[in-house]
Amino acid sequence: MYNIGLLVIATGKYDRFIPALYKSMKNHFLKNHNVTMFVFSDQEIPKKEDLKVIYQQHEPWPNSTLKRYHIFDKNKEELQKMDYLYYCDADMLFVDEVGDEILPDLEFDLVATEHPGFFGGGNSYEKRKESSAFVDNNEGEIYYAGGFNGGTSEAFLKMSEVIKNRIDEDLEKNIIAVWHDESHINRYLIDNKPKVLSPSYCYPENLNIPFEKKLLALIKNHKEIRS
Ligand code: GAL
């Protein structure tokens, strides 16, 4: 039985997703472990014994997604108390059992999800050499989704620190990688291979792909919700 943190960022209007996500976590997520949801938010979210709310100011798009690793790095003191850390987007829902198959193993201390748009091949890597997320044509095998990943707390927090620093370096050069944080985690995972989860763990609600549905990525009105 491990202590596991599920990290969710829900600033601004994203707080609306928390009640359903929390309920689905209780029903399906690593049920034989001691799971705590950490919600980073500027909204009033009712705390529970296993739902901690950490104040986080809302930042306008795209910083709200780009700076997620800044948030984890800033809170590392608290987060490093967990054995394992997972991140999932707020607008997701667990719809089936997610168990020990997602835990890291002896070979890999990070876990990442193959992107549901590229399981047949292809990628969305950052292609500008000036960016610290740059991936050359001969690099990378699997393109990962930014929406669900994790690892031992040590590996996850180390990754967060490295990505945060790279994003800051880019910003100083006025560069934002093409898919924000997702471009950076993809660069990082080329150099630090993870255990690979299928697109079951980032299954787009509105698509039909040949995988079991485990963690749904919900359709949302991006324009309204990011405003
Ligand atoms: C989209 C997804 C984006 C990003 C992009 C990469 O389907 O909504 O968040 O992952 O693919 O090409």
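Here, residues in each chain are numbered from 1, in the same order as that chain's written sequence. Selection of residues for local features in this predicted model requires a pLDDT of at least 70, selection of side-chain atom pairs for listing and counting requires 80 or more, and totals for whole chains, interfaces and linings are taken over all residues. Hydrogens are left out, water is left out, and the side-chain values use all remaining heavy atoms of the structure.

J.: I tried to follow the overall build of the protein on my own but got confused; where do I start?
T.: Secondary structure assignment for the protein yields 7 helices and 10 strands. Seen through its C-alpha atoms, the protein measures out along the principal axes to roughly 45 × 35 × 35 Å. In the protein, which comprises 227 residues, the share counted as buried stands at 53%. Considering only contacts in the protein between residues 6 or more positions apart, those separated by 24 or more positions represent 77%. Values of accessible area rely on a 1.4 Å probe in the Shrake-Rupley scheme; residue burial ignores everything except the protein chains shown. With an accessible surface of roughly 11000 Å², the protein has 47% of that area assigned to carbon and sulfur atoms. Within the protein, one finds 28 positive and 37 negative side-chain charges whose respective centroids are separated by 4 Å. We count a stretch as a helix when DSSP gives it H or I for four or more residues in a row; a strand needs E for two or more, and each element gets its number in order from the N terminus. Note on exposure labels: buried denotes an accessible area under 20% of the residue type's maximum, exposed denotes more than 50%, and partly exposed covers the range between, all computed with a 1.4 Å probe on protein chains only. Contacts: residue pairs with any heavy atoms within 4.5 Å of one another. For this count, His and the chain ends are skipped, Lys and Arg are scored as positive, and Asp and Glu as negative. In this description, the location of a charge corresponds to atom NZ of lysine, CZ of arginine, CG of aspartate or CD of glutamate.

J.: What's the story with the sheet that holds strand β9 (residues 203-204) in this structure? I'm lost.
T.: Strands pair in a sheet through their backbones, by hydrogen bonds, and they do so in one of two ways: parallel or antiparallel. For two strands to pair, DSSP has to find at least two bridges joining them. Ordered in space as β5-β10-β9, the 3 strands form an open sheet in which the pairing is mixed. Strands with a single pairing partner mark the edges of an open sheet, and in this sheet they are β5 (92-94) and β9.

J.: Please clarify how the pattern of salt bridges should be interpreted in this entry.
T.: As a working rule, side chains carrying opposite charge can pair if their charged atoms are close by. A side-chain nitrogen of Lys or Arg and a carboxyl oxygen of Asp or Glu constitute a salt bridge if their distance falls within 4 Å. For the structure shown, the criterion picks out 10 salt bridges. Ionic pairing is found between E78 and K52, a salt bridge with its closest N-O pair at 3.3 Å. With E78 in helix α4 (residues 76-79) and K52 in strand β3 (residues 51-55), the pair connects residues that are 26 residues apart, well separated along the chain. One salt-bridge network, held together by shared partners, links K52, E78 and K81.

J.: Any chance you could explain the site of the ligand here in plain terms?
T.: Taken together, H115, F118, S124, W179 and E182 form the complete shell of residues around the ligand. Side-chain atoms alone can form a polar contact between residues adjacent in sequence; in general such a contact is a pair of N or O atoms within 3.5 Å, and within protein one must be able to donate a hydrogen while the other accepts it. The separation between an oxygen atom of the ligand and a polar side-chain atom of S124 is 2.5 Å. One of the side-chain nitrogen or oxygen atoms of W179 is found 3.5 Å away from an oxygen atom of the ligand. Bound to the protein, the ligand loses 54% of the 310 Å² it would expose on its own. The cutoff for a nearby residue is simple: one of its non-hydrogen atoms must lie within 4 Å of the molecule or strand.

J.: I would appreciate a short explanation of the packing of aromatic side chains in the present structure.
T.: Two numbers describe a pair of aromatic rings. These are the distance of the centres and the angle of the planes. Each Phe, Tyr or Trp ring (for Trp, its six-membered ring) is paired with any other whose centre lies within 6.5 Å, and the angle between the two planes then decides the class: stacked below 30 degrees, edge-to-face above 60, tilted in between. Here the structure, examined in full by the defined rule, presents 14 aromatic pairs. Here the aromatic rings of F72 and Y87 are separated by 5.8 Å at their centres, their planes lie at 55°, and the arrangement is tilted. Of this pair, F72 sits in helix α3 (residues 68-74) while Y87 sits in strand β4 (residues 84-88), placing them 15 residues apart in sequence. Residue classification places F72 among the buried positions, given a relative accessible area of 0%. Centroid distance F118 to Y143: 5.2 Å. Interplanar angle 75°. Geometry classified as edge-to-face.

J.: Please explain unusual backbone geometry as it appears in this structure.
T.: That bond from W61 to P62 is cis: its omega, 5°, falls within 30 degrees of zero. Summarising the element assignment, P62 is placed in the loop between β3 and α2 (63-66). Non-glycine residue N174 carries a positive phi angle of around 65°. Inspection of the secondary structure puts N174 in the loop between α5 (153-172) and α6 (180-191). With relative accessibility at 74%, the residue N174 sits in the exposed group.

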